[in-house]
Amino acid sequence: RMEQQGGREREATSSSYQNRFVNKAPDEDSTMASWKRRKKHMFVFSNAGKPIFSRYGDEHLMSTFFAAAQAIISFVGDKWSDRLVSIQGRVHKRDRGRWEGRGAQKGKVVSFGGGLRAIFLEKGPLTFVAVSRTNEPTEVIKSQLNLLHSQFISILTLGIERAFSRSANFDMRKLLNGTGPLLRSVIHSGSWALPVMFGGVAPLPLDLDLRKSIAQCLQGCFVPDLMCSMLFTEDRVICISKRKRFKLDHKDLFLFMNFVRLNDSFKQSESFTPFCFPSFNASAFLYVYVSYVTENVCLALISGRADSFHELAEAKLFVQGFLAQEKVKRGLDVAIREPELQIAELPMSAGGGFMGETPLWHYVYYHKGLRQLLSPRLGTPPLVNRKSQKKVMRAYQEMGSASYDGMTVRWRKNGSFAMIACISLDFDLYATFDGLVDAGGAVRICNQLAEYIHSKEANLLMPVFQLKSNTRITASARQAASAPR
């Protein structure tokens, strides 16, 4: 049955995943001590200072705060004819802090003390601000703000700028009704999702012949205006088949998969929803048919036509029938249930073994050409609690955002663990070790681990397949692709 999701409102569902991202402090405002104790805030407001979104609290109650933030931005612009990039400092209870302004290569940095940081990102009529004391690198927080901006565009497209050009006091909060959990989940993923942190896609390790046969099935969906077909699980991509001119970068793919994951309605019935892919065309919607073809595998068919639901639904039956074949079904079930590259399954020389048998705790392998990453899931000993996982994730952020300037290896000890980054032309390898291991031993294990992954790359990484040319494109799809950007 067709579930037409018109408009841009995203009503809340009852999913446990979504419940993690509801506003946990809906009645807080900027004057409350509990609100000030939050470690990382993110806000969005217009150039006129009108509140649009706040990660914590009720933005309706913080109009004065948003107006003050906009006044600071305007002051910097008027005084130095530059953009405000960041503010660093902390609030002093008795002595007023000393304000110092200094030029920056890209914008103005205002500094008054240390500890607390505010990062600003101006995008057209919208301003995105992060106020943080999480010790995340500034470049990482900037990328999180850019991701949040992309999420706004995926919901509303750049057409929102035309609305603000007609009226500076335009109130866009009604257009965002129900999207709070979605926006908060994007903020959370910026600190906890490795594909987001490293700028890549996490493929599902799968036998190459099986992946090719799945791609041939997706290529067999002869639907006019079909621009991309994909199969994915909750957090891994199985296969993508797309037209050559359809650009789908890692950021758009994450935003779409997260949008599907956050809506239980997709699991209950097939759906047809507008969605903007900013890297392809930030000014127009495409239309996506979404249906779970198995309990854990979701099919998405991206079209340029708003009236292609029934044709896409027929294509889904074709894909569903293929996946129901015993050999295909068994291969996918095994790949999802028993993921490869777990540390316990690695060769001993590559750091394999259980806790106590190996100094290797975790690793991230990033293929630069395909922009894909491989890593075991967090949660195995000794990284079983949130505190230890957060320390490792912060270290990954620092190592991943560092400038290497020709260096091939960087080694860092952090209390109970050590981390190494091995940089090459084709790949980066980041690994977390027990703090007792020495740098030489870590390098030897990383070399063996890289060789082991290279030997299995065909089944671990995912090629992007091309849709066949007889999937014709009509005028409506060409118009969506060529709309003003």
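Above this note sits the structure.
Note that the structure is a prediction, hence the values are computed from the model and not measured. Counting from 1, residues in each chain are numbered in the order their sequence is written. Totals for whole chains, interfaces and linings use all residues, but because this is a predicted model, local features are given only for residues with pLDDT of at least 70 and pairs of side-chain atoms are given and counted only at 80 or more. The basis for every side-chain value is the complete set of heavy atoms in the structure, and neither hydrogens nor water enter the calculation.

**So, the overall build of the protein chain**
Secondary structure assignment for the protein chain yields 17 helices and 18 strands. Here's how the labels work: a residue is buried when its accessible area is under 20% of the maximum for its type, exposed when over 50%, partly exposed in between, all with a 1.4 Å probe on protein chains only. Scored against the burial criterion, the 485 residues of the protein chain give a buried share of 54%. As displayed, the protein chain offers around 22,400 Å² of accessible surface, 51% of which is attributable to carbon and sulfur atoms. Going along the chain from the N terminus, every DSSP run of H or I of four or more residues is numbered as a helix, and every run of E of two or more is numbered as a strand. Note that accessible areas follow from Shrake-Rupley with a 1.4 Å probe, and for residues the cover is restricted to the protein chains shown.

**Details of the sheet that holds strand β18 (residues 465-466)**
Spatially, the 6 strands line up as an open sheet ordered β10-β11-β12-β8-β9-β18, and their pairing is mixed. With one partner strand each, in any of the chains shown, β10 (271-275) and β18 form the two edges of the open sheet. By this definition, two strands are paired if DSSP reports at least two bridges between them. Bridge count for strand β8 (residues 226-232) against strand β9 (residues 237-242) is 5 bridges, and the pairing is antiparallel. Its bridge partner lying in β9, Phe232 is registered against Val237.

**Description of the environment of Phe43**
Residue placement: Phe43 occurs in strand β1 (residues 40-46). A sequence separation of 10 residues divides Phe43 from Phe53, and the C-alpha atoms of the two residues are 5.6 Å apart. Only heavy atoms matter for contacts: two residues are in contact if any of them lie within 4.5 Å across the pair. Residues within four places of Phe43 in sequence aside, it is in contact with Trp35, Phe53, Ser54, Phe65, Phe66, Thr127, Phe128, Val129 and Val131.

**Describing the pattern of salt bridges**
In the sections that follow, a salt bridge refers to a side-chain nitrogen of Lys or Arg positioned within 4 Å of a carboxyl oxygen of Asp or Glu. Applying the stated rule across the entire model yields 16 salt bridges. Here Arg394 and Glu136 are joined by a salt bridge, their closest N and O atoms 3.9 Å apart. Taken as a pair, Arg394 in helix α14 (residues 386-401) and Glu136 in the loop between β7 (126-132) and α4 (138-156) lie far apart in primary sequence, 258 residues in all. With a relative accessible area of 1%, Glu136 lands in the buried category.

Functional significance is not addressed by these values, which are geometric in nature.
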